[in-house]
Amino acid sequence: YAGKEAVHMLQSRVQSHVAAHRRVDPDVALCEELRTATWPTGRVLCGGEILTYGWDVYNEQCAKLTPRFIMQPKTTEDVQKAVRFAKNNNLNISFRGQGHTYNCAAFQQNSLNLDLRTMGSTVTTRKIGEDTLAILSPGSTFQTIKDTISSQLSFTHGTCPTVGVMGFHLHGGWGATTDTWANESIVQMEVVTADGALHTLNAESTGEEAQLWNAMRVAGSSFGIVTELTIRLFNRRERPYLVLPVLNDFDFLLSKVPNGAAFGWVGLARWDKVFYPQSTVLGHGWILQIVLNDLYPWTLTSALSWVFFNGIQLAFSYFAQIPPNIPTNAETWLNGLYPFQDSAVFTRFYPLSDIRDKAKLLESFLSQHVDNCRYNLGPLQGESARLPLVTVECNTLQTAALLKDFVRQNSAVLLPDKPGSGYINLPLDDTSTYREAYFPQYDELAAIKCLWDPSDLFYSRVGIHPEGCSGS
Ligand SMILES: Cc1cc2nc3c(=O)[nH]c(=O)nc-3n(C[C@H](O)[C@H](O)[C@H](O)COP(=O)(O)OP(=O)(O)OC[C@H]3O[C@@H](n4cnc5c(N)ncnc54)[C@H](O)[C@@H]3O)c2cc1C
């Protein structure tokens with residue numbers, strides 16, 4: 001009885017303390033309420049504490065979107081409580097993984113921001129018959145998957161090893177070494193929806209959950225917060241990847257890149273100065289990217305013969321200069337370039353018959369801004385595979401703005417707002433101008449949004465909104 005009395009006294013003291021604070025500063029009281037609700041697992045940063053937060057983002061502009069509260073959840077229950085808390089207190093909510101979004105979709109000024117990295121980066125594998133599944137935590141990255149799985153298995157991933165798996169898989173996910181989308185490999189997910197409920201979604205889901213399952217794999221962040229994602233790994237080694245620095249100019253290389261070849265796929269890239277010091281092997285200029293079908297000696301010989309007989313001049317002098325600690329991927333932070341002042345990326349898929357013209361036009365922009373922009377074409381994967389894509393990314397305030405202008409001025413050719421880009425994680429800016437291009441099925445997704453998040457709690461400017469809901 002004495003214990004109960006003490007607890008009761010403590011509770012009423014806390015309540016009167018909170019009430020007193022609420023009178024002084026509503027944020028202080030809200031902060032304490034959230035702390036109490038998620039204690040002892042969740043960590044909440046409020047007021048001045050937010051200034052000490054390590055943003056760790058790709059685009060520095062994101063760090064300007066100061067949240068009202070930052071919550072670092074450890075458990076799914078923490079996430080559920082935070083969602084209910086935001087809803088009950090009429091707060092905007094935003095949530096981040098590894099912070100690699102170009103357009104800061106993971107952040108919102110004055111919101112309650114959930115930093116999901118504290119839920120861990122664990123990757124576990126499970127064998128079911130012939131299949132191997134990987135179960136991913138919200139903080140996992142391409143690198144943590146690679147570090148965990150057997151080299152006999154592979155998965156679809158992008159260029160940069162620090163990109164978060166959630167943002168990537170839940171919005172399409174394109175990779176150079178596979179010809180399928182990352183979201184096609186999702187077999188199950190645990191999702192917290194806007195009412196704070198937890199759902200297990202998979203191909204067996206029915207009714208409204210089946211609709212949510214479809215939407216989550218196209219525009220996930222508009223519909224729910226994933227606390228666990230299960231993907232099916234490919235039962236094969238990753239396709240080997242050659243990165244060959246070359247001396248030829250762009251026009252020559254463009255005329256030589258085949259639509260598809262017996263040995264695999266060929267693409268072009270230029271990353272120098274943006275990601276690598278100029279004197280290093282990847283920092284010198286144009287790079288031929290060759291994705292081989294397999295590791296058989298015949299395949300490699302066939303690729304190298306193609307290089308030799310097509311007049312490709314390898315930049316041997318750069319190979320000779322490879323320093324022992326050269327970054328093996330776009331590990332920009334190793335070069336002290338990360339985060340970037342601003343970041344804008346134009347990526348679009350075109351039919352094989354058109355892509356060379358568009359690639360040439362975009363290269364005319366790149367050639368003016370090669371110090372601060374990077375470029376990728378393909379690899380081209382043949383007639384029957386996914387459409388090939390061309391990408392230009394710029395990473396200063398000035399070049400990011402210039403790229404947007406260039407795309408606008410050339411919209412008749414580049415078709416930035418026309419359906420056909422395919423859903424992908426790379427909208428050019430944070431307006432809704434291009435939404436039909438990224439989400440050709442926008443109306444269908446908006447109808448699902450009406451079912452699951454009619455008040456747009458999971459608001460993302462580039463995402464899906466509850467438009468045309470009956471009764472609204
Ligand atoms: C250098 C670079 C190279 C890239 N290359 C490719 C590429 O080759 N192919 C490609 O497809 N993309 C590529 N991307 C884009 C990248 O895949 C997306 O920006 C992706 O969304 C990043 O995920 P993240 O978790 O790191 O980012 P974040 O900024 O943390 O999140 C991105 C989005 O995902 C949402 N999100 C994060 N975690 C969750 C979760 N648990 N549940 C629900 N929503 C969540 C966020 O709210 C936000 O809307 C590249 C990006 C960079 C910077």
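Just so it is clear, the model here is predicted, and its values are computed rather than measured.

### Here we look at the overall build of the chain
Stage number 1. Counting secondary structure elements, the chain contains 14 helices and 15 strands.
Stage number 2. When burial is assessed residue by residue, the chain has 55% of its 472 residues classed as buried.
Stage number 3. Here the contacts in the chain between residues at least 6 apart in sequence split such that 67% fall between residues at least 24 apart.
Stage number 4. A total accessible area of about 20700 Å² is found for the chain, and carbon and sulfur atoms account for 53% of it.

### Re the sheet that holds strand β9 (residues 225–232)
Stage number 1. Read across the open sheet, the 5 strands follow the order β5-β6-β9-β7-β8; overall the sheet is antiparallel. At either margin of the open sheet sits one strand with a lone partner, and together these are β5 (123–128) and β8 (198–202). Recorded for the sheet is a direction-independent mean angle of 15 degrees between the axes of neighbouring strands.
Stage number 2. Relative to β9, strand β6 (residues 131–136) runs antiparallel, the two sharing 4 bridges. Within β9, the residue paired with Leu136 across the bridge is Leu229.
Stage number 3. Running over the sheet, helix α6 (residues 207–219) touches β7 (186–192), β8 and β9 and is turned about 105 degrees from β7.

### Re the layout of surface pockets
Stage number 1. In this structure, the second largest pocket encloses a volume near 320 Å³.
Stage number 2. Leu65, Asn103, Cys104, Ala105 and Asp430 are, among the 19 residues lining the second largest pocket, the residues nearest its centre.
Stage number 3. Split by residue class, the lining of the second largest pocket holds 8 nonpolar, 6 polar and 5 charged.
Stage number 4. In terms of domain composition, the lining of the second largest pocket takes at least three residues from each of domain 1 (2–118) and domain 3 (241–431).

### Let's talk about the sheet that holds strand β4 (residues 112–115)
Stage number 1. Taken in spatial order, the 4 strands of this open sheet run β1-β2-β4-β3, and their pairing is mixed. Pairing within the sheet leaves two strands with one partner each, and these edge strands are β1 (43–46) and β3 (93–96). Each strand of the sheet is rotated relative to its neighbour by a mean of 20 degrees, with strand direction disregarded.
Stage number 2. As paired strands, β1 and strand β2 (residues 69–72) are joined by 4 bridges and run antiparallel to one another. Each residue of the ladder has a partner; that of Val44, found in β2, is Met71.
Stage number 3. Lying over the sheet, helix α2 (residues 26–38) contacts β1, β2 and β4, oriented at roughly 170 degrees with respect to β1.
Stage number 4. Contacts between helix α3 (residues 76–88) and the sheet are confined to β2, β3 and β4, with β4 contributing the most and set at about 170 degrees to the helix.

### What to know about the site of the ligand
Stage number 1. In the vicinity of the ligand there are 31 residues, among which Phe95, Gly97, Gly99, Thr101 and Trp174 approach most closely.
Stage number 2. One of the backbone N or O atoms of Trp174 is found 2.8 Å from a nitrogen atom in the ligand.
Stage number 3. At 2.9 Å, a backbone N or O of Val226 approaches a nitrogen atom of the ligand.
Stage number 4. When the free accessible area of the ligand is taken as 960 Å², the share hidden by the protein chains comes to 97%.
Stage number 5. When contributions to the shell around the ligand are tallied by element, the ones reaching two or more residues are β3, α5 (165–169) and β9.

### Some points on the pattern of salt bridges
Opposite charge on two side chains allows them to pair when their charged atoms are near.
Stage number 1. One pass over the full model with this rule turns up 13 salt bridges.
Stage number 2. Between Arg117 and Asp56 there is a salt bridge, and its shortest N-O distance comes to 3.1 Å. A residue pair is termed long-range when its members are at least 10 positions apart, and Arg117 in the loop between β4 and β5 and Asp56 in the loop between β1 and β2 qualify at 61 residues.
Stage number 3. Judged by relative accessible area, which is 41%, Asp56 ranks as partly exposed.
Stage number 4. Two residues, Asp405 and Arg408, come together in a salt bridge whose shortest N-O distance is 3.0 Å.

### Notes on the side chain of His369
Stage number 1. Counting through the fold element by element, His369 comes out in the loop between α10 (352–366) and β14 (373–380).
Stage number 2. Take His369: its relative accessible area is 18%, and that puts it in the buried class.
Stage number 3. For His369, the contacting residues outside a window of four places in its chain are Thr399 and Leu402.

### Some points on the packing of α6 against helix α14 (residues 442–452)
Stage number 1. At a closest axis distance of 10 Å, the pairing of α6 and α14 adopts a crossing angle of 120 degrees. By the angle between their directions, the pair α6 and α14 is classed as oblique. Note on packing geometry: the crossing formed by α6 with α14 is left-handed. Across the interface between the two elements, Glu208, Glu209, Gln211, Leu212, Ala215 and Val218 from α6 touch Leu445, Ile448, Leu451 and Trp452 from α14.
Stage number 2. The class makeup of the residues in the contact of α6 with α14 is 7 nonpolar, 1 polar and 2 charged.

Conventions and cut-offs
- Residues numbered from 1 in each chain as written.
- Predicted model: local features only at pLDDT ≥ 70, side-chain atom pairs only at ≥ 80, totals over all residues.
- Heavy atoms only, no water.
- Helix = DSSP H or I, 4+ residues; strand = E, 2+ residues; numbered from the N terminus.
- Buried < 20%, exposed > 50% of the residue type's maximum accessible area, 1.4 Å probe, protein only.
- Contact = heavy atoms within 4.5 Å.
- Areas by Shrake-Rupley, 256 points an atom, 1.4 Å probe, with all protein chains shown as cover.
- Pairing = 2+ DSSP bridges.
- Axes fitted to C-alpha atoms, helices over the stretch in contact; angles between N-to-C directions.
- 1 Å grid on protein atoms, 1.4 Å probe; cavity = no way out; pocket = protein on both sides within 12 Å on 5 of 7 lines; lining within 4 Å.
- Points joined across faces, edges and corners; volume = space filled by probe spheres on them.
- Nonpolar A, V, L, I, M, F, W, Y, C, P; charged D, E, K, R; others polar.
- Domains from an automatic or database assignment.
- Near = heavy atom within 4 Å.
- Polar contact = N/O pair within 3.5 Å; in protein donor to acceptor, adjacent residues only side chain to side chain.
- Salt bridge = Lys/Arg side-chain N within 4 Å of Asp/Glu carboxyl O.
- Parallel < 35°, antiparallel > 145°, perpendicular 65-115°, else oblique.
- Left-handed = near helix turned anticlockwise from the far one by under 90°.

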